[in-house]
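The residues making up each chain are set out below.
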Amino acid sequence: MTKRTAARAWFGLTALAVLAGLVIQTAVTANATGGHFTTVSGRLFNLLCFFTIESNIIVLVTHALLAANPERRSTVFRAFRLMGVLGITITGIVFHTVLSGLNDLQGAAAVADFFLHTASPLLTVVGWLVFGPRGLIDNRVIALAALFPLLYLGFTLVRGPIVDFYPYPFLDVSEHGYGKVAFNSVLVAMLFVVLALGARAVDRALAKRETASA
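Thresholds, definitions, all that
Residues numbered from 1 in each chain as written. Predicted model: local features only at pLDDT ≥ 70, side-chain atom pairs only at ≥ 80, totals over all residues. Heavy atoms only, no water. Helix = DSSP H or I, 4+ residues; strand = E, 2+ residues; numbered from the N terminus. Rg over C-alpha atoms; globule rule 2.2 N^0.38 Å. Buried < 20%, exposed > 50% of the residue type's maximum accessible area, 1.4 Å probe, protein only. Contact = heavy atoms within 4.5 Å. Areas by Shrake-Rupley, 256 points an atom, 1.4 Å probe, with all protein chains shown as cover. Core = buried A, V, L, I, M, F, W, Y, C linked by side-chain atoms within 4.5 Å. Patch = residues over 30% accessible without salt bridge, like charges linked within 9 Å, V, L, I, M, F, W, Y side chains within 5 Å. Salt bridge = Lys/Arg side-chain N within 4 Å of Asp/Glu carboxyl O. Axes fitted to C-alpha atoms, helices over the stretch in contact; angles between N-to-C directions. Parallel < 35°, antiparallel > 145°, perpendicular 65-115°, else oblique. Left-handed = near helix turned anticlockwise from the far one by under 90°. Nonpolar A, V, L, I, M, F, W, Y, C, P; charged D, E, K, R; others polar.

Along the protein, the regular secondary structure elements total seven helices and zero strands. Written out in order from the N terminus, the α and β elements of the protein read α-α-α-α-α-α-α. Its C-alpha radius of gyration of 18 Å places the protein within 12% of the 17 Å reference for a compact globule of 214 residues. Dimensions along the principal axes, computed over C-alpha positions, put the protein at roughly 55 × 35 × 30 Å. Taken across its 214 residues, the protein has 44% of its residues classed as buried. The contacts of the protein with a sequence gap of at least 6 include a subset with a gap of at least 24, amounting to 77%. Of the roughly 11,000 Å² of accessible surface on the protein, a fraction of 70% belongs to carbon and sulfur atoms.

When a protein is soluble and globular, its nonpolar side chains tend to lie buried together. Among the nonpolar cores identified, the biggest contains 27 residues, and L82, Y168 and F192 are the most heavily contacted of them. Contributing elements (two or more residues each) for this core: α3 (51-68), α4 (75-99), α6 (139-163) and α7 (173-213). Take this core: its biggest share by element is eight residues, from α4. What Y168 contacts, discounting residues up to four positions off in sequence, is F50, F51, T52, L99 and Y152. If you look at the next biggest cluster of nonpolar residues, it comprises nine residues, including V18, L22, L47 and L60.

Relative to the helices and strands, F95 is located in helix α4. Placed 29 residues apart in sequence, F95 and T124 show a C-alpha to C-alpha distance of 16 Å. When near neighbours in sequence (up to four residues on either side) are disregarded, F95 contacts I90, S100, D113 and H117.

What follows deals with a nonpolar patch on the surface. Taken together, the side chains of F45, L48, I57, V61, L65 and F155 define a hydrophobic patch exposed on the protein surface, amounting to about 490 Å² of accessible area. Considering each element in turn, the nonpolar patch owes the most residues, three residues, to α3. Relative to the helices and strands, L65 is located in helix α3. We classify L65 as partly exposed; its relative accessible area is 32%.

This next bit is on unusual backbone geometry. In this structure, P133 follows G132 across a cis peptide bond, with omega equal to 0°. Considering the arrangement of structural elements, one finds P133 in the loop between α5 (107-131) and α6. Unlike most non-glycine residues, D164 shows phi in positive territory, near 60°. Take D164: its relative accessible area is 53%, and that puts it in the exposed class.

Running from N to C, α3 and α5 cross one another at 40°; their axes reach a closest spacing of 11 Å. On the basis of their axis angle, the class for α3 and α5 is oblique. Crossing geometry of α3 relative to α5 is assigned as left-handed. Across the interface between the two elements, T52, I53, N56, V59 and H63 of α3 pack against L116, H117, S120 and T124 of α5. Tallied by class, the residues present in the contact of α3 with α5 amount to three nonpolar, six polar and no charged.

Take a look at the structure:
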């Protein structure tokens, strides 16, 4: 098996795993009872307002595209590729350090939780480290990728008081106030910057290694 074939297989596997998690979570959310949103449409729209779900959707689309053609290099794709890698990495880190103990999930909800918060980050990061593609990260791509968390934060803080709901406790202005939420947001932003700069450095180092061994 060539590396290109292995890469396409890994990207395809990752896309399928994420798709499974999204489908299961959508079904769980649609059939949920109680909660803040009382209609199916309200619950499903709210599901789309979680950073976890948005990151996984980006991961799904970019990995499906890579499975079809691992050599994609357009600026738009490069930005979304980095958005997916960084977004899902942040999702995994924040979930397992801050959020994992907040809910005792069972059955299908636990399965979806595993796919979206554990399998997806691991498959994405390992796939990026092993298969790349390399040479896609520069300062412009980092700036474009940063639009994702910035726009998400702005949307969440505007929507929150309108619907009286915040998807994550550390963004809940009604509970913590704008000062604490701003501090929490700065911490996440710093994590994003560190990961982005780290990804650029690792990408360049791996690209040089691949060139040297070619």
